[in-house]
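What the coordinates show
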2 protein chains.
Amino acid sequence: MRLADLSEHSGVSLATIKYYLREGLLPPGRRINATQAEYDESHLRRLRLVRAMIQVGRIPVATVREVLAHVDDDSLGLTFRLGAALWALPHPTEPSSDPEDDPSTTAAHTLVADLLARLGWRTTCEVGDLNPAHRALVAALATLDRLGYPLDTDDLLPYARTMEQAAAYDLDRMEILPTPREQAEYAVAGAVLFEPVLLNLRRLAQAEESGRRYGL
Amino acid sequence: MRLADLSEHSGVSLATIKYYLREGLLPPGRRINATQAEYDESHLRRLRLVRAMIQVGRIPVATVREVLAHVDDDSLGLTFRLGAALWALPHPTEPSSDPEDDPSTTAAHTLVADLLARLGWRTTCEVGDLNPAHRALVAALATLDRLGYPLDTDDLLPYARTMEQAAAYDLDRMEILPTPREQAEYAVAGAVLFEPVLLNLRRLAQAEESGRRYGL
């Protein structure tokens, strides 16, 4: 399809598409003459993902470019390809000006290490401290401790188990897609777009469980 | 304890405590003479919660005041007390300038209604559309649809089931506390502080599951 068709099919304005092309967020089309290029389904898919990251995730252009470089890196095995793409995304964490070597942070490091050992998450134990989710989790637990709401391994274990189930569903749905590149794109879209779904499902589930236990 | 002790025990500056008192976020102490008042454990607990909402949750003072009014409302049954306090909190959702009557929103409304019926969440079905989490969930699913990532009930069911489990753990831990007021305080703190823990556990679980399935 031509640029105008790409705009119509995606609902993204021509100006925005040209901006994405200039910024290298969308690969160039296949040139068919001096002034025109041909675009395909992969451009539509990529446009969808870029829009999700920029318009919904409010992710800076430079970060989007970095995430996409990993998504497109055919030299990586799937675990590292997904990992690199997801690790480049911003992580849910609180704003903090606290030092990273206070007693709460030290306790949180020990807590996460103990939790991972109890869970038997071997992959995460091996390369876990490279994962920004690991650091963000430590920071979040340190904040809880600092504010007077300390957690222990037994508090966290059942939540980690439910997230383990959710992660299995994530990958089951991802595996339906035919190529590693599409799978990596899907994982990124899921990380950006699915978190509000999950958190609001949690709030609804709390209301439901509360109604069951304590009546209306 | 005196004001100075309250500051020392909580780690919150005198100026900040006085500001919270002026704004009605912290109830006044018991007057013991013209210039001094006595504070107790309930003030320490409240200070902890206010700090969590303002410093970590970045929640506006007026919203904090509203949440606390529900937390302190002894006339409410526990379900409505928790509900009112949590519903007053900001909900995780994306910034959106989209109309609320487009086809994606209509489809998302149907999807959520169908999901709740399939789950058999009767409380949520009855009063669910009053719950801002219901609206925020509809908005999040409409965004996914609009961006070309539509979900159906079968996609969402397993995630809702895992959140149902997580909600049961939430309430189990809350019930350890002795009074409905402390339970409501705990629920609010959990909503503000625990979401980053859950989301980062999910990211770690994804990395773990990916390593298991696809190797390193």
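Computed from a predicted model, the values in this text were never measured in an experiment.

**Examining the pattern of salt bridges**
- For the structure shown, the criterion picks out 42 salt bridges over all chains.
- One salt bridge in this structure joins glutamate 175 of chain B and arginine 213 of chain A, with 3.1 Å as the shortest N-O distance. Linking glutamate 175 of chain B in the loop between helix 9 (153-174) and helix 10 (180-193) with arginine 213 of chain A in helix 11 (residues 195-214), this pair reaches from one chain into another.
- Among the ionic pairs, glutamate 209 of chain B bridges to arginine 213 of chain B, the shortest N-O distance being 2.9 Å.

**Thoughts on the environment of threonine 106 of chain B**
Residues and elements named next belong to chain B.
- Examined against the element boundaries, threonine 106 turns out to sit in helix 6 (residues 103-119).
- Classification of threonine 106 as partly exposed rests on a relative accessible area of 45%.
- With 64 residues separating them in the primary sequence, threonine 106 and aspartate 170 have C-alpha atoms 32 Å apart.

**Quick word on the UniProt feature "domain: HTH merR-type" (unreviewed entry) in chain A**
- In this structure's numbering, the residues bearing the UniProt feature "domain: HTH merR-type" (unreviewed entry) are residues 1-70 of chain A.
- Helix makes up 61% of residues 1-70 of chain A and strand 6%, whereas the separation of the span's terminal C-alpha atoms amounts to 26 Å.

**Here we look at the interface of chain A and chain B**
- Each partner contributes residues to the interface: chain A has 88 residues there, and chain B has 88 residues.
- Summing the contributions of chain A and of chain B, the shared interface buries around 8,500 Å²; its carbon and sulfur component is 66%.
- Broken down residue by residue, the surface that chain A buries against chain B is led by Tyr159, Arg202 and Arg203 of chain A, which jointly contribute 10%.
- Taken together, chain A and chain B are joined by 12 salt bridges.
- Linking chain A with chain B are 30 residue pairs in polar contact (both at pLDDT 80 or more), by the criterion used here.
- Secondary-structure elements contributing two or more residues to the side of chain A that touches chain B are helix 3 (41-56), helix 5 (78-88), helix 7 (122-127), helix 8 (132-146), helix 9 (153-174), helix 10 (180-193) and helix 11 of chain A.
- No other element matches the 20 residues that helix 11 of chain A contributes to the side of chain A that touches chain B.
- Of the residues belonging to the side of chain A that touches chain B, the class tally is 48 nonpolar, 19 polar and 21 charged.

**Points about the side chain of serine 10 of chain B**
Residue and element names in this part refer to chain B.
- With respect to the secondary-structure elements, serine 10 resides in helix 1 (residues 3-10).
- Polar contacts involving the side chain of serine 10 include one to the main-chain carbonyl oxygen of serine 7, which spans 3.3 Å.
- Residues in contact with serine 10, not counting those within four places in the same chain, are Ile17, Leu44, Leu47 and Arg51.

**Let's talk about helix 3 of chain A**
- Relative to the 22 Å expected for 16 residues at 1.5 Å per residue, helix 3 of chain A spans 22 Å between its end C-alpha atoms, a close match to the ideal helical length.
- Regarding helix 3 of chain A, the residues found buried are His43, Leu44, Arg46, Leu47, Leu49, Val50, Arg51, Ala52, Met53 and Val56 of chain A.
- The inward-facing, buried residues of helix 3 of chain A contact helix 1 (3-10), helix 2 (14-22), helix 4 (61-71) and helix 10 of chain A together with helix 8 (132-146) of chain B.
- Remark: arginine 58 of chain A follows helix 3 of chain A within two positions and exhibits a positive phi of approximately 50°.

**So, the side chain of histidine 91 of chain B**
- By secondary structure assignment, the location of histidine 91 of chain B is in the loop between helix 5 (78-88) and helix 6.
- At 3.2 Å, the side chain of histidine 91 of chain B and the side chain of arginine 203 of chain A are in polar contact.
- Among the polar contacts listed, one links the side chain of histidine 91 of chain B to the backbone oxygen of leucine 89 of chain B, at a separation of 3.0 Å.
- What histidine 91 of chain B contacts, discounting residues up to four positions off in sequence, is Asn200 and Arg203 of chain A together with Leu86, Asn131, Pro132, Ala133 and Ala136 of chain B.

**Focus on the packing of aromatic side chains**
- One pass over the full model with this rule turns up 6 aromatic pairs over all chains.
- With a centroid separation of 5.8 Å and an interplanar angle of 70°, the aromatic rings of tyrosine 169 of chain A and tyrosine 159 of chain B are classed as edge-to-face. With one member in each of two chains, tyrosine 169 of chain A in helix 9 and tyrosine 159 of chain B in helix 9 form a pair that bridges those chains.
- Classification of tyrosine 159 of chain B as buried rests on a relative accessible area of 0%.
- Grouping aromatic residues by their ring pairs yields a cluster made of Tyr159 of chain A together with Tyr169 and Phe194 of chain B.
- Above the ring of tyrosine 149 of chain B, the side-chain terminus of arginine 48 of chain A is found at 4.9 Å from the ring centroid.
- The ring of phenylalanine 194 of chain B has arginine 173 of chain B lying over it, and the distance from NZ or CZ to the ring centre is 5.6 Å.

What counts, and at which threshold
Residues numbered from 1 in each chain as written. Chains lettered and ligands numbered in written order. Predicted model: local features only at pLDDT ≥ 70, side-chain atom pairs only at ≥ 80, totals over all residues. Heavy atoms only, no water. Salt bridge = Lys/Arg side-chain N within 4 Å of Asp/Glu carboxyl O. Helix = DSSP H or I, 4+ residues; strand = E, 2+ residues; numbered from the N terminus. Buried < 20%, exposed > 50% of the residue type's maximum accessible area, 1.4 Å probe, protein only. UniProt positions renumbered as here; feature names shortened; annotations may be inferred. Contact = heavy atoms within 4.5 Å. Buried area = accessible area lost by both parts, 1.4 Å probe. Polar contact = N/O pair within 3.5 Å; in protein donor to acceptor, adjacent residues only side chain to side chain. Nonpolar A, V, L, I, M, F, W, Y, C, P; charged D, E, K, R; others polar. Expected span 1.5 Å × (residues − 1). Phe/Tyr/Trp six-rings, centres within 6.5 Å; stacked < 30°, edge-to-face > 60°. Lys NZ or Arg CZ within 6 Å of the ring centre and 35° of its normal.

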